[in-house]
Amino acid sequence: MTTVLLLSSLDTREEESLLLKGLIQQNGCRVILMDISMGSHKEGVADYSAADVASEAGVTFEEISMSRDTNRNTDLLVKGAVKLARKLYGDGKIDGIAGLGGTSNTTLISLVMKEFPFGFPKLILSSSAAVPAYATKFIANRDVVMFYSCVEVNTLNRFVNDVLSRFAGLITGVLKTGRKGILQNGTAIGLSEFKFSERCTARVRGRIREKGFEIIPFSATGASDRIMEDMASNGLFQGILDLVPSGFSEALLGGNRSAGFDRLDRELSLGIPIIFTPCGFDMISCGPYERRFHDLYWKRKRIAARKLFIPDTYRVQARTTKKEMELIARVFSEKLDKAKSRVAVFIPLRGFSSLSAKGGPLYDPQADMVFIKTLRNTINKDAVEVVEMDCAIDDPEFADAIVDRFVTKISLPTAP
């Protein structure tokens, strides 16, 4: 029978958790309930009590309940829950993981879920799902599904009952329709892309598929970039076309699409074929536009005085300066020089994105040239192949050159 591992703190949500368990069972799924409480616990309620979880972490529950060090307690409960959940997963006894709670419980549950691979169902019902600073951490690097409860799920009432009923339906629907074997290795290639490279990446996708590759695109939002690298680290890709590596530059400059300062590091350590372009280095994502009135970042960076592209009130792309382009090139070069395999960088001399091509709102060929010259002077040409092309990123010959070079860098079957 399809089975879900349900994580919850029964010291604060016993009634709600047992109701959810019953609703899932009514929908035809088995439930294994694990108690991740910190305050108190009961024996005989959960399949795995909070004492069982603590024991797996090498401590007693009393040590956790008597401690005021919430951070340490969270680490211990995550450790214990992961060990138990991995055993169930390895034995083929669970088909997914679900959980419910507020900020503290959601944090703990999400940390457990991140230890399980892409494609294995992970669902959380949370009252904190709409808090951006939290939600991005809950789902970062993994395919976690967040269900926003709106109300706090700690008292049974008509609203909570309705939310739990719908969440139970979501859990059983996802588990029963999930596909097995999605993570089998094959000829998959990771691809980073976004709106301002779409003509280039669309052509790359089409030509790569013609060559017999399965292409897996990721939007360069920061979070998706990290998922791409995480999947590559798990051996799911035989190569990467990192055509929009701007999660790295956004981290340097404080943009909205930051993927962290370690962006690029993992993929470069894998020894697999990788091709980069500088697409996205020509802009900072810094919306919403209302930030111009009060935001210190906008004032410090003098964003309002720059060339801007504002497609709507939520999104703003600001042109990067010459100084910023020099910084990006230097750090980019430092990262590439540490690659475990010889990588390539394709540079479109007439515009790094559709926004910075001639006639575009962020057109600034002088700033682009600062990047190009700095990269030329700092890159280790024995470790990195740099290909400069007299075209814009969306010109067909640019995409074709990338695909042709990539095919020579990787040994994969071609289409019959």
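Refer to the structure presented above.
On a predicted model such as this, the values are computed, not experimentally measured, just so you know.

Caption draft 1: Expanded view of unusual backbone geometry. Cis rather than trans, the peptide bond between G287 and P288 has omega equal to 0°. If you trace the backbone, P288 turns up in the loop between β10 (283-285) and α12 (296-301). Phi is positive for R302, which is not a glycine, with a value near 55°. Following the sequence through the fold, R302 ends up in the loop between α12 and β11 (308-309). Owing to a relative accessible area of 59%, R302 belongs among the exposed residues under this scheme.

Caption draft 2: Quick look at the sheet that holds strand β6 (residues 188-193). If you trace the six strands from one edge of the open sheet to the other, you get β7-β6-β8-β9-β13-β14, paired in parallel fashion. Each edge of the open sheet carries a strand with a single partner, namely β7 (214-219) and β14 (384-389). Put simply, the sheet's adjacent strands are angled 15° from each other on average, direction ignored. Bridging between β6 and strand β8 (residues 239-242) involves four bridges; their strand directions are parallel. Bridging from a neighbouring strand, L191 pairs with L241 of β8. Of the strands in this sheet, β9 (274-276), β13 (343-348) and β14 are in contact with helix α13 (residues 322-336), which crosses β13 at around 155°.

Caption draft 3: Region of the structure containing the side chain of R207. Within the secondary structure, R207 sits in helix α8 (residues 198-210). Looking at R207, the relative accessible area reads 17%, which means it is buried. If we skip the residues at most four places from it in the chain, R207 touches D400, V403 and D404.

Caption draft 4: Representation of the pairing of strand β1 (residues 3-8). Burial analysis of β1 places six of its six residues in the buried class, the great majority of the element. Examined bridge by bridge, β1 and strand β2 (residues 30-35) share six bridges and lie parallel to one another. Bridged to L6 within β2 is L33. Between the parallel pair β1 and β2, the chain is carried across by helix α1 (residues 10-26), and the sense of this crossover is right-handed.

Caption draft 5: How the structure looks around the pattern of salt bridges. Within the structure shown, the criterion is met by 28 salt bridges. A salt bridge links E229 to R263; its shortest N-O distance comes to 3.1 Å. Of the two residues, E229 is situated in helix α9 (residues 223-233) and R263 in the loop between α10 (246-253) and α11 (265-268); the sequence distance between them amounts to 34 residues. Just as E229 is buried, R263 falls in that class too. A salt bridge links D242 to R263, with the nearest nitrogen and oxygen atoms 2.9 Å apart. With D242 in strand β8 and R263 in the loop between α10 and α11, the pair connects residues that are 21 residues apart, well separated along the chain. Residue D242 is classed as buried on the basis of its relative accessible area of 0%.

Reading the values: the criteria
Residues numbered from 1 in each chain as written. Predicted model: local features only at pLDDT ≥ 70, side-chain atom pairs only at ≥ 80, totals over all residues. Heavy atoms only, no water. Helix = DSSP H or I, 4+ residues; strand = E, 2+ residues; numbered from the N terminus. Buried < 20%, exposed > 50% of the residue type's maximum accessible area, 1.4 Å probe, protein only. Pairing = 2+ DSSP bridges. Axes fitted to C-alpha atoms, helices over the stretch in contact; angles between N-to-C directions. Contact = heavy atoms within 4.5 Å. Right-handed = clockwise from strand over helix to strand, strands pointing away. Salt bridge = Lys/Arg side-chain N within 4 Å of Asp/Glu carboxyl O.

Keep in mind that these numbers describe shape and distance, not what the molecule does.
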